[in-house]
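The chain contents come next:
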Amino acid sequence: MTGKLITLEGGEGAGKSTVLNVVRELLTARGIDALVVREPGGTPAGEEIRGVLLDTVHHGLCAEAELLLMFASRAQLVREKIRPALDAGRWVLSDRFTDASFAYQGGGRGQPQERIAELERWAADGLKPDLTLLLDLPVAEGLKRANGRGSADRIEMENADFFERVRAAYRARAAAEPARFRIIDAGRPLEAVLGDVRAAVGAFVEATGARA
Ligand code: Z5A
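Residues take numbers from 1 onward in each chain, read along the sequence in its written order. With pLDDT at 70 or above as the cut-off, local features in this predicted model cover only qualifying residues; side-chain atom pairs require 80 or more to be listed or tallied, and sums for whole chains, interfaces and linings still use all residues. Side-chain calculation: all heavy atoms of the structure are included, whereas hydrogens and water are not.

## A look at the overall build of the protein
Helix and strand content of the protein: eight helices and five strands. Going from N to C terminus, the protein has its helices and strands arranged as β-α-β-α-α-β-α-α-β-α-α-β-α. Structurally, the protein occupies a C-alpha span of about 50 × 40 × 30 Å along its principal axes. Under the scheme applied here, a residue whose accessible area is under 20% of the maximum for its type counts as buried, over 50% as exposed, and between as partly exposed, the area being computed with a 1.4 Å probe on protein chains only. When each of the 212 residues of the protein is scored for burial, the buried share is 49%. Contact between two residues is taken to exist if any of their heavy atoms lie within 4.5 Å; hydrogens are not considered. By sequence separation, contacts in the protein at least 24 residues apart represent 80% of the contacts at least 6 residues apart. For the protein, the exposed surface amounts to about 9800 Å²; the carbon and sulfur share of it is 53%. Positive and negative side-chain charges of the protein, numbering 29 and 31 respectively, have mean locations separated by a distance of 3 Å. We count a stretch as a helix when DSSP gives it H or I for four or more residues in a row; a strand needs E for two or more, and each element gets its number in order from the N terminus. In these tables, accessible area is a Shrake-Rupley quantity obtained with a 1.4 Å probe, and a residue counts as shielded only by the protein chains included in the view. Under the counting rule used here, the positive set is Lys and Arg, the negative set is Asp and Glu, and His together with the chain ends is not counted. Throughout, a charge is located at the NZ atom of Lys, the CZ atom of Arg, the CG atom of Asp or the CD atom of Glu.

Okay, here's the thing in structure tokens:
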């Protein structure tokens, strides 16, 4: 049996790093040893690409180059790590995946959806997550949290309008694929957020019949 791909998505300061650790612990407690990866990055080549994408020195990077670099990193990650793990029956937990390109490069930068969908088909090998947790919160709240962390990377330097478009694109994707997405209200205190995350992932694991 092939493994399952779970992805975490959301805007700035949504709490993905915190949630990722909780999901990993929950899976481990169920006897599922998931491979954890992040995007952009996750492979030696991908981490170099991540540097180009996020370093403020490349502030002039055009939207087309940004989109292609996101998918260059993803193409390598899918073939080097995710596909082999899934084919071997292992579960994979990814901090962001293709939905982020639809949200940031599509919604944020205005790149055409059909162009991104075509890249998803060939560069990402048509791979779609089995479960996606969308951590959704008002942009102002997310930026307030993120600002507390120090210097911003190239994409974090965008304005609030950009992040409103990102949020709207994420919500539109979740609305279009309700069977795959679980929208988590991430604007609440952490314990409430984690309660919903545990419930969503627990129900998904039950539904797959996976157990230790
Ligand atoms: N990107 C893209 O454009 N296209 C793509 O296809 C892909 C990515 C794959 C990756 O940067 C950037 O690449 C990202 C999208 C873009 N851009 N931006 N901007 P990253 O991986 O370095 O950063 P990130 O993905 O945006 O994650 P993050 O900034 O680290 O945020 P987070 O992981 O969601 O948040 P956090 O660090 O867990 O929490 C932020 C703070 O809030 C922290 O102090 C927490 O303690 C606090 N927190 C968390 N939850 C709560 C609650 N519930 N209440 C109060 N405080 C909280």
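## Focus: empty space enclosed by the protein
In this analysis, the protein atoms alone were mapped onto a 1 Å grid. Cavities are point sets where a 1.4 Å probe fits without being able to get out; pockets are open sets with protein on both sides within 12 Å along at least five of seven lines; lining residues have an atom within 4 Å of a point. Grid points are joined across faces, edges and corners, and a volume is the space filled by probe spheres set on the points. Using the criterion set out here, one finds one cavity of 30 Å³ or more in the structure. By volume, the largest cavity amounts to about 130 Å³. What lines the largest cavity is a set of 15 residues, among which Gly11, Glu12, Leu137, Val139 and Arg167 lie closest to the centre. Broken down by class, the residue content of the lining of the largest cavity amounts to nine nonpolar, three polar and three charged. Amino acid classes used here: Ala, Val, Leu, Ile, Met, Phe, Trp, Tyr, Cys and Pro are nonpolar; Asp, Glu, Lys and Arg are charged; the rest, including Gly, are polar.

## Digging into the sheet that holds strand β1 (residues 5–10)
Hydrogen bonds between backbone atoms are what pair the strands of a sheet, whose relative direction is either parallel or antiparallel. DSSP-based pairing: two strands are paired if at least 2 bridges between them are found. Reading across from one edge, β2-β3-β1-β4-β5 is the order of the five strands in this open sheet, with parallel pairing throughout. Each end of this open sheet is capped by a strand with a single partner; those strands are β2 (35–38) and β5 (181–185). Strand-to-strand twist of the sheet, defined as the mean angle between neighbouring strand axes without regard to direction, takes the value 20 degrees. Across four bridges, β2 lies against strand β3 (residues 92–95) in parallel orientation. The partner of Arg38 across the bridge, within β3, is Asp95. In this analysis an axis means a line fitted to C-alpha atoms, helices contributing only their contacting stretch, and an angle means the value between N-to-C directions, from 0 to 180 degrees.

## Points about unusual backbone geometry
With the exception of glycine, the majority of residues adopt a negative phi angle, and the majority of peptide bonds are in the trans configuration. Residue Pro40 is reached from Glu39 by a cis peptide bond, and omega for that bond is -15 degrees. Inspection of the secondary structure puts Pro40 in the loop between β2 and α2 (44–54). For Arg96, which is not glycine, the phi dihedral falls at a positive 80 degrees. Assessed through its relative accessible area of 14%, Arg96 is described here as buried. Unlike most non-glycine residues, Asp125 shows phi in positive territory, near 60 degrees. Among the secondary structure elements, Asp125 is positioned in the loop between α5 (113–122) and β4 (131–136). Accessibility expressed as a relative area gives 35% for Asp125, which makes it partly exposed.

Purely geometric stuff here, so don't read any function into it on its own.
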